[in-house]
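Next come the chains, spelled out residue by residue.
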Amino acid sequence: MSALGAAAPYLHHPSDSHGGRVSFLGAQPSPEVAAVAPLMRDLDRSTFRKLLKLVVGALHGKDCREAVQQLGASANLSEERLAVLLAGTHTLLQQALRRPPASLKPEAFQDQLQELGIPQDMIEDLTSLALGSQRPLLDAVVQQQGSWLPHLSDFRWRVDVAISTSAQSRSLQPSVLMQLKLTDGSAHRFEVPVAKFQELRYSVALVLKEMAELEKKCERKLQD
Amino acid sequence: MAGELEGCKPLSGLLSGLAQNAFHGNSSITEELLHSQLYPEVPPEEFRPFLAKMRGILKSIASADMDFNQLEAFLTAQTKKQGGITGEQAAVISKFWKSHKTRIRESLLNQSRWDNGLRGLSWRVDGKSQSRHAAQIHTPAAIVELEFGKSGQESEFLCLEFDEVKLKQVLKRLSEVEESIGTLMQAA
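So, here's what we can say about the structure. Treat the numbers as computed from the prediction; the structure is a model and nothing was measured. Along each chain, residues carry numbers from 1 onward, in the same order as the chain's sequence is written. Whichever chain is written first becomes A and whichever ligand is written first becomes 1, with later ones labelled in order. Local features in this predicted model are restricted to residues of pLDDT 70 or higher, and side-chain atom pairs are both shown and tallied only at a pLDDT of 80 or more, whereas totals for entire chains, interfaces and linings draw on every residue. The side-chain quantities take in all heavy atoms of the structure and omit both hydrogens and water.

### A look at the overall build of chain A
Assigned secondary structure in chain A consists of 8 helices and 3 strands. Strands are runs of DSSP state E lasting at least two residues, helices are runs of H or I lasting at least four, and both sets are numbered from the N terminus onward. The secondary structure elements of chain A, listed N-terminal to C-terminal, are α-α-α-α-α-α-α-β-β-β-α. Burial status follows relative accessibility: with a 1.4 Å probe on protein chains alone, a residue under 20% of its type maximum counts as buried, one over 50% as exposed, and anything between as partly exposed. Across the 224 residues in chain A, those meeting the buried criterion constitute 40%. Put simply, 58% of the contacts in chain A that link residues at least 6 apart link residues at least 24 apart. Only the protein chains shown count as cover for residues, with accessible areas throughout obtained via the Shrake-Rupley method and a probe of 1.4 Å. Total accessible area on chain A stands at roughly 12700 Å², and carbon and sulfur atoms take up 53% of it. Whether two residues touch is decided by their heavy atoms; if any such pair falls within 4.5 Å, the residues are in contact.

Here is the structure:
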């Protein structure tokens with residue numbers, strides 16, 4: 001028995017057959033992707049295009065339940081087949097979109113899809129989605145989905161000077177009032193004393209400087 | 001007995017105690033405590049008006065947020081008054097105000113702050129490299145934690161994420177605020 005034993009199938013590196021490049025599908029295509037190719041062969045192109053449109057809608061976060069039912073009815077597809085088609089196409093596209101366009105070469109991409117057994121005309125449709133003009137829009141959606149913390153959507157400010165208060169007859173202290181609105185819908189209002197304001201301004205400038213330096217470092221190290 | 005009150009050593013302690021009670025909200029510093037600790041030999045009926053006088057002087061100084069010229073003028077007037085203060089007492093009060101002014105002013109300002117105030121800010125810059133949806137993201141992201149709180153209450157924390165573009169916009173706004181403050185303070 002080979003010393004590699006049960007791990008042997010997983011150690012076959014697809015890059016061996018693709019000139020040193022790892023498949024966008026990973027070391028082995030996931031079960032749903034492997035299962036979808038034979039079913040695709042039985043679909044006509046227009047149905048496949050409708051399916052793709054649905055999957056893209058899902059990637060955009062739309063509710064596709066009704067559309068799925070309509071597709072199943074119009075194309076006369078059983079629930080089971082439809083489920084396999086949706087899962088496989090969704091995973092396939094998701095994995096393709098994970099790669100930056102620069103590292104997804106069209107010939108390699110198409111070769112990998114051919115190896116799965118996907119029909120040529122459907123390969124063309126998939127390629128135009130993953131590498132065509134729609135790609136930047138899909139990337140923008142994906143970027144948004146990647147953050148979990150809220151972002152700032154609106155920032156308003158006001159400078160007040162307290163002339164006199166119940167505690168001090170002569171005050172003349174400026175204070176900054178800020179209102180932040182966030183992408184999660186919440187709003188926060190708070191006062192910033194002048195000393196704290198200076199600290200805030202300094203910190204923001206420092207963070208920006210750090211970000212610029214990090215970006216330079218990332219560009220140098222993480223190139224494909 | 002008047003001589004006891006004129007002695008200056010305990011006066012500094014008395015002023016500290018008064019400030020704690022009147023400005024910093026420390027209600028455990030009572031009249032009885034100050035009396036027993038600082039002027040135990042003085043009968044209560046003499047101590048009480050003396051305390052009231054000192055309290056009144058300190059409050060006037062704090063309320064007007066006197067600068068040092070105003071302070072000197074005010075204290076000199078107090079020494080000339082009937083039933084006022086002595087020269088040595090004026091000197092102690094002057095020294096006290098000079099060293100405690102900033103803290104007292106801050107406490108008084110806080111008494112007029114009812115909204116959430118920014119207490120602190122922490123930050124971190126992450127280099128986003130991968131996510132479930134994208135294999136390579138070269139963009140740095142800043143995570144900022146803001147600490148707020150109302151006077152006397154516990155802090156709340158808010159965590160936000162910024163990209164470079166957004167943070168630049170924020171910095172621009174902060175510069176506008178800075179300009180506005182500068183203009184206002186020049187005019188004042």
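Still to come is the rest of the account.
### Some thoughts on the pattern of salt bridges
For this document, the term salt bridge refers to a Lys or Arg side-chain nitrogen within 4 Å of an Asp or Glu carboxyl oxygen. One pass over the full model with this rule turns up 17 salt bridges over all chains. The shortest N-O distance in the salt bridge between E199 of chain A and K196 of chain A comes to 3.1 Å. With a gap of 3 residues between them, E199 of chain A and K196 of chain A both fall in helix α8 (residues 194-221), about one helical turn apart. Of the residues examined, E199 of chain A reaches a relative accessible area of 36% and is grouped as partly exposed. For E178 of chain B, the salt bridge is made with R201 of chain A, and the minimal N-O distance between the two is 2.9 Å. You can see E178 of chain B sitting in helix α7 (residues 164-187) and its partner R201 of chain A sitting in helix α8, one on each of two chains. With relative accessibility at 25%, the residue E178 of chain B sits in the partly exposed group.

### Side note on the interface of chain A and chain B
Contacts between chain A and chain B engage 59 residues on the former and 62 residues on the latter. The term buried area refers to how much accessible surface (probe radius 1.4 Å) is lost by two components on association, counted for both of them together. Each partner contributes to the roughly 5800 Å² buried at the junction of chain A and chain B, and carbon and sulfur atoms together form 65% of this total. Linking chain A with chain B are 3 salt bridges. Residue E191 of chain A pairs with R113 of chain B through a salt bridge whose shortest N-O separation is 3.0 Å.

### A look at unusual backbone geometry
With a phi angle near 55°, N76 of chain A is a residue other than glycine that sits in the positive phi range. Position of N76 of chain A among the secondary structure elements: in the loop between α3 (65-74) and α4 (79-98). Notably, D65 of chain B is not glycine yet its phi reads approximately 50°, a positive angle. If you trace the backbone, D65 of chain B turns up in the loop between α4 (44-64) and α5 (68-80). For D65 of chain B, a relative accessible area of 8% translates into the label buried.

### Here we look at the nonpolar core
Within soluble globular proteins, side chains that are nonpolar tend to cluster in buried spots. By nonpolar core we mean a set of buried residues, namely Ala, Val, Leu, Ile, Met, Phe, Trp, Tyr and Cys, connected to one another through side-chain atoms within 4.5 Å. Counting residues in each nonpolar core, the largest one holds 37 residues, and the members touching the most others are L92, L113 and I118 of chain A. Of all the elements in the fold, those that place two or more residues in this core are α1 (31-41), α2 (45-59), α3, α4, α5 (106-116) and α6 (120-131) of chain A. In contact with I118 of chain A, other than residues within four places in its own chain, are A37, M40, L92, L113, I123 and L126 of chain A. Core analysis: the next-biggest nonpolar cluster, separate from the first, contains 31 residues, I57, I61, F74 and F96 of chain B among them.

### Here's the deal with the environment of T79 of chain B
Residue and element names in this part refer to chain B. For T79, the position within the fold is in helix α5. Look past the residues within four positions of T79 in its chain and what remains in contact with it is I85, T86, G87 and A90. Here a polar contact is taken to be a pair of N or O atoms separated by no more than 3.5 Å, where protein atoms must pair a possible hydrogen donor with a possible acceptor and residues adjacent in sequence count only if both atoms sit in side chains. Of note is the side chain of T79, whose polar atom sits 2.5 Å from the backbone oxygen of T76.

### Regarding the pairing of strand β3 (residues 187-193) of chain A
Residues and elements named next belong to chain A. Counting buried positions over the 7 residues of β3 gives 5, a clear majority of the element. Bridge count between strand β2 (residues 173-182) and β3: 7 bridges; the pairing is antiparallel. Following the sheet pairing, V176 is matched in β3 by V192. Two strands qualify as a pair provided DSSP detects at least 2 bridges between them. Here β2 folds back onto β3, and the loop between the two strands holds 4 residues, one of which, G185, carries a positive phi near 95°.

### Observations concerning the packing of aromatic side chains
Put simply, two rings from Phe, Tyr or Trp (the six-membered ring, in Trp's case) pair if the centres are within 6.5 Å, and we call them stacked under 30 degrees between planes, edge-to-face over 60, tilted for the rest. Scanning the entire structure with this criterion turns up 4 aromatic pairs over all chains. When the ring of F24 of chain A is compared with that of F109 of chain A, the centres are 4.9 Å apart and the planes differ by 45°; the resulting orientation is tilted. Note that F24 of chain A is positioned in the segment before α1 and F109 of chain A in helix α5, a separation of 85 residues in sequence. Residue class for F24 of chain A comes out buried when judged on its relative accessible area of 6%. Residue classification places F109 of chain A among the buried residues on the basis of a relative accessible area of 2%. Between Y39 of chain B and F47 of chain B, the ring centres sit 5.6 Å apart and the planes meet at 40°, which makes this aromatic pair tilted. One aromatic cluster is present, built from ring pairs that chain together Y39, F47 and F50 of chain B. Cation placement over rings: the criterion is NZ of Lys or CZ of Arg within 6 Å of the ring centroid and within 35° of the ring normal. The aromatic ring of F68 of chain B is capped on one face by K98 of chain B, whose charged end is 5.5 Å from the ring centroid. Sitting above the plane of the F68 of chain B ring, K101 of chain B keeps its charged end 5.3 Å from the centroid.

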